[in-house]
Amino acid sequence: MDQNDKDLFQSEMADVVPLKQSHTLPISPKAGPSDAQQARKAAAQASEYLLRLPLELVHITPVKPDDMLSFKREGVQEAVFKNLRQGKYKVAAELDIHGMTVRQARDTLVDFILTRLQRGDRCVLLIHGKGYHSKPFPALIKSCVNYWLTQLDEVLAFHSAKREQGGYGAVYVMLPKNEQQRVDNREKNRRGGYLR
């Protein structure tokens, strides 16, 4: 580089202010999964659920149209289950599957449960009907729901609804906290520990 080039470079750089040196690198937030990735994951999860919920009626133990349905996984506190039985939890969403075919009921139920889990809903109402005249046996959809819900690990408990919300033709279903709710709870409890 000759002197003219150096002088020209110096004159061009005269107004340039040097950047401040930083010894820390900026950390960009971790990008979440794309919509396509989430859709693929949801489809895979739905397929897995469908495999757990058979359509063959040989797996289904019939219940009677007016039977009360009740189920609780180990680890669900008795006081929590009592509140569910008594309808004390706010119902975040409801689904009516009575009158559907067994396949329609199962597929709709799976989609509903997955959506509600993702949204973080804790208590939902599932209307299965009583099915007095269903074939090949009475309470067909009710019997299927009674079996299917026990096969989904994500269903913590269920119980027949109060009369004004469907009675023996519907169940309250308790779902676990989603991952974000667990993180929020841990953070809340951690902060609470420091405030003592």
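Residues numbered from 1 in each chain as written. Predicted model: local features only at pLDDT ≥ 70, side-chain atom pairs only at ≥ 80, totals over all residues. Heavy atoms only, no water.

Student: Just checking my understanding: could you explain the pairing of strand 5 (residues 170-174) for this structure?
Tutor: Within a regular strand, side chains alternate between the sheet's two faces. By the criterion of burial, strand 5 is predominantly enclosed, with five of the five residues buried. With burial as the criterion, each face of strand 5 is covered, one bearing Ala 170, Tyr 172 and Met 174 and the other bearing Val 171 and Val 173. As paired elements, strand 3 (residues 123-127) and strand 5 share five bridges and run antiparallel to each other. Within strand 5, the position partnered with Leu 126 by the bridge is Val 171. (Buried < 20%, exposed > 50% of the residue type's maximum accessible area, 1.4 Å probe, protein only. Helix = DSSP H or I, 4+ residues; strand = E, 2+ residues; numbered from the N terminus. Pairing = 2+ DSSP bridges.)

Student: Explanation requested: the nonpolar core in the structure shown.
Tutor: Across soluble globular proteins, nonpolar side chains show a tendency to be buried alongside one another. Counting residues in hydrophobic clusters, the biggest one holds 33 residues, and the most contacted among them are Leu 109, Leu 126, Trp 148, Leu 149, Phe 158, Val 171 and Val 173. At the level of elements, strand 2 (93-96), helix 4 (102-119), strand 3, helix 5 (140-151) and strand 5 are the ones that each hand at least two residues to this core. The biggest single contributor to this core is helix 4, with eight residues. When residues no more than four places from it in sequence are discounted, the contact partners of Val 171 are Leu 69, Val 124, Leu 125, Leu 126, His 128, Val 145, Leu 149, Phe 158, His 159, Ser 160 and Ala 161. If you look at the next biggest cluster of nonpolar residues, it comprises eleven residues, including Leu 125, Ile 127, Ala 157 and Tyr 172. (Core = buried A, V, L, I, M, F, W, Y, C linked by side-chain atoms within 4.5 Å. Contact = heavy atoms within 4.5 Å.)

Student: What is the right way to look at the sheet that holds strand 4 (residues 157-160) in this model?
Tutor: Backbone hydrogen bonds hold the strands of a sheet together, and the pairing may be parallel or antiparallel. Read from one edge to the other, the open sheet built from five strands follows the order 1-4-5-3-2, with strand pairing classed as mixed. Sheet topology places strand 1 (70-72) and strand 2 at the edges, where each strand pairs with a single neighbour. Taking the axes of each pair of neighbouring strands and ignoring which way they run, one obtains an average angle of 20 degrees across the sheet. Across the sheet, helix 4 touches strand 2 and strand 3, and the angle it forms with strand 2 is around 175 degrees. (Axes fitted to C-alpha atoms, helices over the stretch in contact; angles between N-to-C directions.)

Student: Got a minute to help me understand the pairing of strand 2 in this structure?
Tutor: Because side chains alternate across strand 2, one face comprises the buried residues Ala 93 and Leu 95, and the other comprises Glu 94 and Asp 96, none of which is buried. Pairing analysis gives four bridges linking strand 2 to strand 3, with the strands arranged parallel. For Asp 96, the partnering residue across the bridge sits in strand 3 and is Ile 127. For the segment spanning strand 2, helix 4 and strand 3, crossover handedness is right-handed. (Right-handed = clockwise from strand over helix to strand, strands pointing away.)

Student: What am I meant to see in the pattern of salt bridges here?
Tutor: Two side chains carrying opposite charge are able to pair once their charged atoms lie near each other. Inspection of every chain in the model, using the stated rule, returns nine salt bridges. With its nearest N and O atoms 3.3 Å apart, the salt bridge here joins Lys 130 to Asp 66. In this pair, Lys 130 sits in the loop between strand 3 and helix 5 while Asp 66 sits in the loop between helix 2 (35-52) and strand 1, placing the two residues 64 residues apart along the sequence. The exposure class assigned to Lys 130 is partly exposed, which follows from its relative accessible area of 28%. Here Arg 85 makes a salt bridge to Glu 78, at a shortest N to O gap of 3.3 Å. You can call Arg 85 partly exposed: its relative accessible area is 29%. (Salt bridge = Lys/Arg side-chain N within 4 Å of Asp/Glu carboxyl O.)

Student: For this particular structure, what's the right way to read the side chain of Ser 160?
Tutor: Mapping Ser 160 onto the fold places it in strand 4. Within the structure, Ser 160 has its side chain in polar contact with the backbone nitrogen of Leu 69 (distance 2.7 Å). For Ser 160, the residues in contact, after removing those within four places along its chain, are Asp 67, Met 68, Leu 69, Arg 85, Gly 167, Tyr 168, Ala 170, Val 171 and Tyr 172. (Polar contact = N/O pair within 3.5 Å; in protein donor to acceptor, adjacent residues only side chain to side chain.)

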